[in-house]
Amino acid sequence: MRTQITSAGMAELHQVLADHHRYWGERDLRPLHLRALVQEFGETCLVARAEDGIHGYILGFVTPTGTGYVHLIATRDDARGTGLGRRLYAAFADAAQRQGALRLKAITSLGNTGSIAFHRSLGFDAQTVDDYNGPGQAMVVFRRALPFDAVQP
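The following refers to the structure shown. Values in this document were obtained by computation on a predicted structure and should not be read as measured data. (Residues numbered from 1 in each chain as written. Predicted model: local features only at pLDDT ≥ 70, side-chain atom pairs only at ≥ 80, totals over all residues. Heavy atoms only, no water.)

1. Digging into the pairing of strand 5 (residues 103-108)
1) Next: Here strand 4 (residues 67-75) pairs with strand 5 via four bridges, running parallel. Across the sheet, Thr-67 pairs through a bridge with Arg-103, a residue of strand 5.
2) Next: The parallel pair strand 4 and strand 5 is bridged by helix 4 (residues 84-98), and the resulting crossover is right-handed.
3) Next: Sheet topology places strand 5 next to strand 7 (residues 139-145); six bridges connect them, and they run antiparallel. Among the inter-strand pairings, Ile-107 is bridged to a residue of strand 7, identified as Val-141. (Pairing = 2+ DSSP bridges. Helix = DSSP H or I, 4+ residues; strand = E, 2+ residues; numbered from the N terminus. Right-handed = clockwise from strand over helix to strand, strands pointing away.)

In structure tokens, the structure reads:
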């Protein structure tokens, strides 16, 4: 099924939240879906839509120092393994570069081995940073330079 990547609006965010379990399973990440990101950074909040709904999304923004920060990326349970995550990242990277981004950054928890493997396959460097999310809360920080090339699995 063909997907089209477009900017996300509030209707798309509401749909993603309504179908949250299709993207995140048992993990409740709804509080991380900040409406302000979609409202204020719509050019870098994207959805991949097909005839049967939203197959994936990426929410992010560009910092004043030229970093395209990816806050969340997810693909729906029936769209995993199709390359959609890579396509979403490429679209985000293009949008971020148009806004002056020179690099990309994302974070995840130490135990999120799927995210770590995915980001490494996209050419990100991964570093564990102690206390990143507060005292005793280490996170894995991903960084890579732009342009975003078509790194293959």
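2. Focus on the sheet that holds strand 1 (residues 4-7)
1) Next: The strand order across the open sheet formed by seven strands is 1-2-3-4-5-7-6, and the pairing between neighbours is mixed. Looking along the sheet, the strands with just one partner apiece sit at the ends: strand 1 and strand 6 (125-129). Taken pair by pair, the neighbouring strands of this sheet meet at an average axis angle of 25°, ignoring direction.
2) Next: Sitting on the sheet, helix 1 (residues 10-18) touches strand 2 (45-50) and strand 3 (53-62), and the angle it makes with strand 3 is about 120°.
3) Next: Against the sheet, helix 5 (residues 113-121) contacts strand 4, strand 5, strand 6 and strand 7, and its axis sits at roughly 15° relative to strand 7. (Axes fitted to C-alpha atoms, helices over the stretch in contact; angles between N-to-C directions. Contact = heavy atoms within 4.5 Å.)

3. Re unusual backbone geometry
1) Next: Here the bond from Leu-146 into Pro-147 is cis, since omega is 10°, no more than 30 degrees from zero.
2) Next: Position of Pro-147 among the secondary structure elements: in the segment after strand 7.
3) Next: With phi around 60°, Asp-131 is a residue other than glycine that occupies positive phi space.
4) Next: Residue classification places Asp-131 among the partly exposed residues on the basis of a relative accessible area of 45%. (Buried < 20%, exposed > 50% of the residue type's maximum accessible area, 1.4 Å probe, protein only.)

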